[in-house]
Structures are given as structure tokens and as C-alpha cells.
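Working through the structure, step by step
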Amino acid sequence: MSEELETLFKQMAQSIIDGDSDISVELAQKSIEMNIPPLDAITKGFVVGVNYIGDQFGLGEAFLPELVMAGEAMKAAVATLEPELLKLGEARETMGKVVLATVEGDIHEIGKTLVGTMLSASGFEVTDLGVDQPADKIIGKAIEIGASIVGMSALLTTTMVRQREVIEEMDKEGLRPKIKVMVGGAPITREWATKIKADGYSEDAVGAVKLAKDLVGKGDA
Amino acid sequence: MQPKLSLLDEALIARILEEAYQLLLDPGIKVQNAEARQLLAEAGAQVDEATMIVRIPEQIVHRALETVPGEFQLYDYEGNPKVRYGGDAIQFDPGSSGISILIPETLEHKTAESEDLIRIIKVAESLPQYDAQSTAIVCHDVPKDLHDLYRLYLVLLYSKKPIVTGAFTNKTVHQMMDMLAILAGGHENSRRKPRAIFDVCPSPPLIWSNFGAGQLIALARAGMPAEIVSMPLAGAAAPVTLLGAVTQHAAECLSGITIHQLAQAGSPIVWGGAPAIFDMRKGGTPFGAIETAMIDSSYAQVGKSLGLPTHAYLGATEAKVLDTQAGLESGMGALVGALSGINMISGSGMLDSLLCQSPEKLVTDAEGIAMAKRMVDGMKVHTETLATGFYEGVNFKGGDFLKQKITMKLFREEQHMPGKVIDRDSMRGWRESGSLDTFTRARNRVKEILASYSRPELAPDHEAVLRDYVLNLAKQAGMERLPELKEFQPV
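All of these numbers come straight from a predicted model, not from anything done at the bench. (Residues numbered from 1 in each chain as written. Chains lettered and ligands numbered in written order. Predicted model: local features only at pLDDT ≥ 70, side-chain atom pairs only at ≥ 80, totals over all residues.)

**Structural notes on the overall build of chain A**
The condition is simple: Strands here mean DSSP runs of E at least two residues long; helices mean DSSP runs of H or I at least four residues long; both are numbered from the N terminus. Think of it as a crowd count around each C-beta: if 20 or more other C-beta atoms lie within 10 Å the residue is buried, if 12 or fewer it is exposed, and in between it is partly exposed, with C-beta placed from the backbone throughout. It is the C-beta atoms, placed from the backbone, that decide contacts: two residues are in contact if theirs lie within 7 Å.
Each helix and strand in chain A was counted, giving 9 helices and 5 strands. Sequence-ordered secondary structure for chain A, helices as α and strands as β, is α-α-α-α-β-α-β-α-β-α-β-α-β-α. Dimensions of chain A, computed from the C-alpha atoms along their principal axes, are close to 55 × 40 × 30 Å. Scored against the burial criterion, the 221 residues of chain A give a buried share of 48%. Once local pairs closer than 6 in sequence are excluded, the contacts in chain A between residues at least 24 apart make up 73%.

**Describing the overall build of chain B**
Looking only at helices and strands, chain B has 16 helices and 20 strands in total. For chain B, the C-alpha atoms occupy an extent of roughly 80 × 60 × 45 Å along the three principal directions. Of the contacts made within chain B by residues no fewer than 6 positions apart, 75% connect residues no fewer than 24 positions apart.

**Side note on the pairing of strand β8 (residues 108-111) of chain B**
Residues and elements named next belong to chain B. Our working rule: Two strands make a pair as long as DSSP finds a minimum of two bridges between them.
As paired strands, strand β7 (residues 100-103) and β8 are joined by 4 bridges and run antiparallel to one another. Directly across from S100, in β8, lies its bridge partner T111. Here β7 folds back onto β8 in antiparallel fashion, the turn holding 4 residues, of which L107 has a positive phi close to 65°.

**Some points on the sheet that holds strand β12 (residues 207-208) of chain B**
All names here are of chain B. Pairing within the open sheet is mixed, and its 4 strands lie in the order β2-β3-β1-β12. Every interior strand has two partners, whereas the edge strands, β2 (46-48) and β12, have only one. Where strand β1 (residues 29-31) and strand β3 (residues 53-55) come together, 2 bridges link them in antiparallel fashion. Residue pairing for β3: K30 is matched across the bridge by I53.

**Things to note about the packing of helix α6 (residues 172-184) of chain B against helix α8 (residues 210-222) of chain B**
Residue and element names in this part refer to chain B. Our working rule: For helices, the axis comes from a line fit to the C-alpha atoms of the stretch in contact; other axes are also lines fit to C-alpha atoms, and the angle between any two N-to-C directions lies between 0 and 180 degrees. The cut-offs work like this: below 35 degrees is roughly parallel, past 145 is roughly antiparallel, 65 to 115 is roughly perpendicular, and the gaps in between are oblique. Should the near helix be turned anticlockwise from the far one by less than a right angle, the crossing is termed left-handed; should it be turned clockwise, right-handed. Each residue gets one label: Ala, Val, Leu, Ile, Met, Phe, Trp, Tyr, Cys and Pro are nonpolar, Asp, Glu, Lys and Arg are charged, and the others, such as Gly, are polar.
Two elements in contact, α6 and α8, have axes whose closest approach is 10 Å; the angle formed by their N-to-C orientations is 30°. Relative to α8, the element α6 lies roughly parallel. Note that α6 runs across α8; the crossing there is right-handed. In this structure, α6 uses V173, H174 and M177 to contact α8, whose residues at the interface are Q215, A218, L219 and A222. Considered class by class, the residues forming the contact of α6 with α8 number 5 nonpolar, 2 polar and no charged.

**Re the interface of chain A and chain B**
On the chain B side, the residues contacting the 17 residues of chain A number 12 residues. If you list the elements that add at least two residues to the side of chain A that touches chain B, you get α4 (64-88), α5 (110-121) and α9 (205-215) of chain A. Each residue belonging to the side of chain A that touches chain B can be placed in one class, and the counts come to 7 nonpolar, 5 polar and 5 charged.

**Thoughts on the environment of A226 of chain B**
All names here are of chain B. Looking at the secondary structure, you find A226 in strand β13 (residues 226-230). Residue classification places A226 among the buried residues on the basis of 26 C-beta atoms within 10 Å. A sequence separation of 196 residues divides A226 from K30, and the C-alpha atoms of the two residues are 20 Å apart. Ignoring anything within four residues of it in the chain, the contact list for A226 reads F198, V200, L216, L219, A220, H260 and I269.

**Points about the sheet that holds strand β5 (residues 200-201) of chain A**
Residue and element names in this part refer to chain A. Ordered in space as β2-β1-β3-β4-β5, the 5 strands form an open sheet in which the pairing is parallel. In this open sheet, the two edge strands, each paired with only one partner strand, are β2 (125-128) and β5. Lying on the sheet, α9 is in contact with β1 (97-102), β3 (149-153), β4 (180-184) and β5; it crosses β4 at an angle near 165°.

**Quick look at the packing of α5 of chain A against α9 of chain A**
Residue and element names in this part refer to chain A. At a minimum axis separation of 9 Å, α5 and α9 run at an interaxial angle of 50°. In terms of orientation, α5 lies oblique with respect to α9. As for how α5 packs across α9, the hand of that crossing is right-handed. Facing α5, whose interface residues are L114, V115, M118 and L119, α9 presents A205, V206, A208, V209 and A212. Along the lines of polarity and charge, the residues of the contact of α5 with α9 split into 9 nonpolar, no polar and no charged.

**Side note on the domain arrangement of chain A**
Residue and element names in this part refer to chain A. We count it as follows: Domain ranges listed in this record stem from an automatic or a database domain assignment.
Parsing chain A into structural domains produces domain 1 (3-88) and domain 2 (97-215). Of note, the centres of domain 1 and domain 2, computed from C-alpha atoms alone, are 27 Å apart. Facing the 10 residues of domain 1 at the interface are 6 residues of domain 2. Among the secondary structure elements, those contributing two or more residues to the side of domain 1 that touches domain 2 are α3 (38-58) and α4. Tallying contributions element by element places α4 first for the side of domain 1 that touches domain 2, with 7 residues. Of the residues assigned to the side of domain 1 that touches domain 2, the class counts are 7 nonpolar, 2 polar and 1 charged.

**So, the environment of T117 of chain A**
Residues and elements named next belong to chain A. With respect to the element layout, T117 can be found in helix α5. Counting along the chain gives 42 residues from T117 to K75, while the straight-line C-alpha distance between them is 10.0 Å. Sequence-distant contacts of T117, defined by excluding residues within four places in its chain, comprise L67, V68 and G71.

**Re helix α4 (residues 114-126) of chain B**
Residues and elements named next belong to chain B. What counts here: In this analysis, the expected span of each helix is defined as 1.5 Å times one less than the number of residues it contains.
Its 13 residues place the ends of α4 19 Å apart at the C-alpha level, agreeing with the 18 Å of an ideal helix rising 1.5 Å per residue. Most of α4 sits inside the fold, with 10 of its 13 residues counted as buried. Regarding α4, the residues found buried are S114, D116, L117, I118, R119, I120, I121, K122, V123 and A124.

**Description of unusual backbone geometry**
For residues that are not glycine, phi is negative in most cases, and the peptide bond is trans in most cases. Here D26 of chain B and P27 of chain B are connected by a cis peptide whose omega angle stands at 15°. Among the structural elements, P27 of chain B can be located in the loop between α1 (10-25) and β1. With an omega of -5°, the peptide bond running from P204 of chain B to P205 of chain B counts as cis. Within the element layout of this structure, P205 of chain B appears in the loop between β11 (196-200) and β12. Positive phi values are uncommon outside glycine, yet K197 of chain A reaches one of about 65°. In this structure, D352 of chain B takes a positive phi of about 55° despite not being glycine. Relative to the assigned elements, D352 of chain B resides in the loop between β19 (350-351) and β20 (356-357).

Rendered as C-alpha cells:
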């Protein structure tokens, strides 16, 4: 690797660690101008920064704002490189595609957003539908993007039953076990997850990443 | 704005001082040191040599208060100013002169020896919450004649921080000052940039013993900082009312400062103490009692009204193990001390009413101190608008603010990040890390600290001179060899 290239990759990683979207986009554009394969820019540059912040977070040395900002900077860089990837017909190898949503009637989302950030930082491709999402919207999006995991959040005891409805609907359409379902939210327990036949549950974002990796058979990654 | 706790209004402070001055005249102060009586008599006090009672007129005290410094500093080994006595600076050090140490495996309160004090010094050295070391426990593996100075010897070998200490006799105070001078490169350096402050105790009620007054005079003349540790025990060795105890404290401190300034005007001295209420059920002196903290906070306010540096004993507990009582009493004490703007708050690490030190409690108390320091840091205006500027482009989503650059920039300034002793994990995370309680987490933290500690580098020739000085005193006391220290084996 030329020294120039090495420096660029290092700057890319640093832009993610600094959570600076302006710089990560700028570096992504520069890599396009330099004819660097977009996959190299991602895997040898930006992802290195994401992994670093993820590790630091796991050690308790980095904190949520840094993790979220790193995720945002990563997203911005990948969005810049995406058209190039499409042109080349290349696809980024990810841990898997995940659809996240808070179920219908429920508008709480900080927990879910954190899970999304952590999953993105861990190499998943996350589509976050937001809050108050009916079953058909969630399932439709999962089919559309070819998701391997659907993650559902509910903060209220009155809305957690919606998680069961989505699972039943997915069963009816024969989408499982190909698409795995994970559930979370304050009132959710292991017992509830078992009862509604979800594939897994976690009570926090760190556990959700581990669970998602297990569900896609990459528990060691 | 530094938040402040004020238990007294100005009128009450004036009454306390007025009655304290009355106490100095009637019944007067019992001064059991001849030299101190002579100094007071020469200044115009009325001395009864038979009863040793001295009646001190207010104007003599006023003269002393005019010459006493309102502010001074303690320095570290390298001569950097690290502790500021004066104003509303708040600093913490471990509690002093315990006799035992908590053994975490057995919960035994073991009679303390050198290796135990070294563990405490290492822990206090590694935690930034402790601004100074103390000579925390007495080591029973050396003869009694060495008890006070040997503690200082170990602190000097294992620490660079300033030191809160104290001598047990009028002879050893000079030897301890010699030891400090050896590392400072001479008495003049040691006086100019003092590393240590010496606690000096009056005896309640209203007594300056031969020993206490002797210390005041010796320290004043040497120019080494002194810290009065007045200990009214409300209901036994002081009036049962909290205000009565505060008034007695004031009389003991005012008379002490007067003796001190008469010995050498301008020498530094601190308005401090270790008062307590007297427990009417068990006859003990509860340092974790809220009333004890109220006496401390109040006398500090009186001292501040006179423009004096302050000290108090807070953050200790009567609990015998590191349990909930230990946590709540120590945390409340630290917070009251910090909110009272007390310059040096001693007592951390102490269980069983200042008898038993615990490194595990030191690391736990450090978390309480950090919280108290955060609170004293106060509410800050960081941004041009308090809130409105944050809402630009907000999508009414819960996580919006996490994605703001300003969040990443400011969260560390707004939030104190607790250490590993404090658990804020989810149930899952807590279980996965072993379902550990506070005590176990504290034990792990102590192990980590001890594993990463390394002894500071001191000038080798100074170390050797210091060792020989202490060894010589040990031989005089009948001990041929000093206890072996793992990290310190000079040839």
C-alpha cells in the first residue's frame, strides 16, 4: 500500500472516531476521485474507525454520544460511496440486514435507536422505520430489502402485544424461520419472548448486538 | 456559582463568637503547658499557676486573628502547589490514625502493620479524588516510640502527594519535621513549601494539654502548618446542644490560635475539628451521624466568618463492614463537607468510628467524593441559549440530541463518569459481569490499583538518609532492623 493511501485510510478511520460526518464525506469523495475501490475505502478505512469505537465502548472507555456520532459519520460516508458501489455492481459484505421498528401505538424509540446505532457500528445494515409502525409496514420492508432480522421495540404493556401480532403474521406468510425476530423494550422479559415465539430478546443494546450476531450465525464475529 | 450550605445566619454566628469569647474569660481555658501559659501571661492574660486556668481577654485573640494567614498551600514531593487551604476550596484525604484494617476475605478488623498502611497509601496515591495522603493507620510491627513517625516514613517512601499527619509526642514532632526536611532538601525548603500539615488536638472541654499546646508552639516556631482538631462531644465532653458544641469548638480554636500566633505570628494554622454527638444508647461518638455533620458544617461557617482556612472529619461511618450504612453515612458526610466549602475533609476509608481503615472503602468513598465535587462544581451556562439552540432541525424523536455535535462536546463536562465501583448496567450486563455487589466491585478495583501501582522515584541519596534516620531512631527504641518493604531495599 502506498504511503498516501495508508494515510488516507487512517484519516478515514479517524473521521469516524471523531464522529465528524463532514470530514468522512469529504474523504469518501476524495477516494472516489483517486479511483480507490469503494469497498476498500469502507473496509480498510471507515470500518476500522467503527470497530475501534465499538471496542472502546465495550470497554467503557467511549460513551454513547461518541458511538452515535461515529455511526452517523459512517452512514454519511457509505451513502457517498453507495453510487460507486452500484456502478461497479459490488455489494458491501455486511453482517446482515435488519429492520427495526417500534410497534403500532407506541412512540418510544430511544432504546430502539440505540440498538440501531450499535448494530450499524457492528457491521449490520440497519433500516430503522421509526415509531408507531403497523405489522404490514414492518413485514413489507423486511421482504423488500431481504432482511435477515426484524427487531421490534415496545415500551408499554398495552403495546407489547403487537409484537405477537407481527410474529403471527410473519408465520402466516411463511417468512420464518428465514427471517429471525428479536424483541426488546422495558416490559419485555425472556418469558414474554418465549411465549410469543420470538427468536430472541435483549434488555439492552449491547446484548442486542450479541443476539443479532447469534441469530445470523456469526456469534464469533 | 459554588453551591453552599449555610446552617447559620450572621446573627447566630455573632452569638456563637460572643459566647466563645465569654468562655475564654469564664470559666477560662485550662492550659497545661508552662511555656504556653507564659506566652499568654506576657500578652496580658490572667493566669492562675495553681489551677493552670488562663482567662484570655478578647483583644489578645483579636491580635492573633490579625496575624494568622487566611490562606496557604501544601506542596507535593516535586514542590508543586497541590492543596489550597483558604476560601471555599474543597479537598479530601483519608481518615487518620486508625488501628486496624478490614481484611476483605474474612471481614476481620486486623491489627494494622506496615504492609497494611502501604496498601492504603498506594490506593490513595492512585485515586485523584484524594488531594492529600494521611498517615492513615498505626503500624504495630514497630515499637510504640516510632508509631507516629514511622507512618510518615512509609508515606514519604510511597507517595508524592501532600500529607495530613500528626505527632504523638512533643519530641517526635521535631523528628517528623526532620524527616520532611530530608526529602525537601533542608528545613528552609520544607518551611517555604510545606508538604505536610500536623493535626493538633485540644482536649474537650476547653483544655490545651501540655502535649497539645507544646505542638502548637513547636509547629508555629518551625513555620510548619498546624491544623487544630477540636473534638467537642455534644452531650458528654461538650454541651448537648449542637450550637453549644459549636461554641465550645470556637473557644478551643480561638485559644489555640492565640497560643500559636503568640509563639510565632504569621505561622499557618487551620480552624478544624473532629467533633461528634455523644450517642446516648451506646455511649459512642458517631462520625456518621447527621448531627455530627451539622456541627462540622456550622463551625466551618464560623471559621470562614473569621477568614480562616477550615478542616473537618466527615465521610466516616460506624459500620463495621462495607455495607449500606457505610455507603449512606459516608456519602452524606462527603456531600455536607463539600457543600460547606471545607478546605480539607478527612475521614474517608474509615469504619468503626475512625478505628478501622479499609482500602475497599477508600475506592468506594472516592465515588461519593467525585459526586460531591461534581455537585459543588454547580450548574453551568455552557451555551448562548440554555435550550432553544438545541432544537434546530429536531424531528421530535427521542434520540435526536444524541446525534448533536454539542452533545459529544459537552457531555463529559456536564456528567461525571463514575468508576467501576458504581453499577449502572442493565440486569443482563450486571449478571454477565458476575452479579457483583459494591463490596466485591470495590475489592476488584483495589486489586487493579495495587497491580498497576509503582513507587514514585525519589532522590536515592535522600531515601538512604531518610532510611538511616528512621533506622537510628528504631535502634534507640530497641528495634535492630526496620520491617522489610517489598519495593524499597536500599543498599
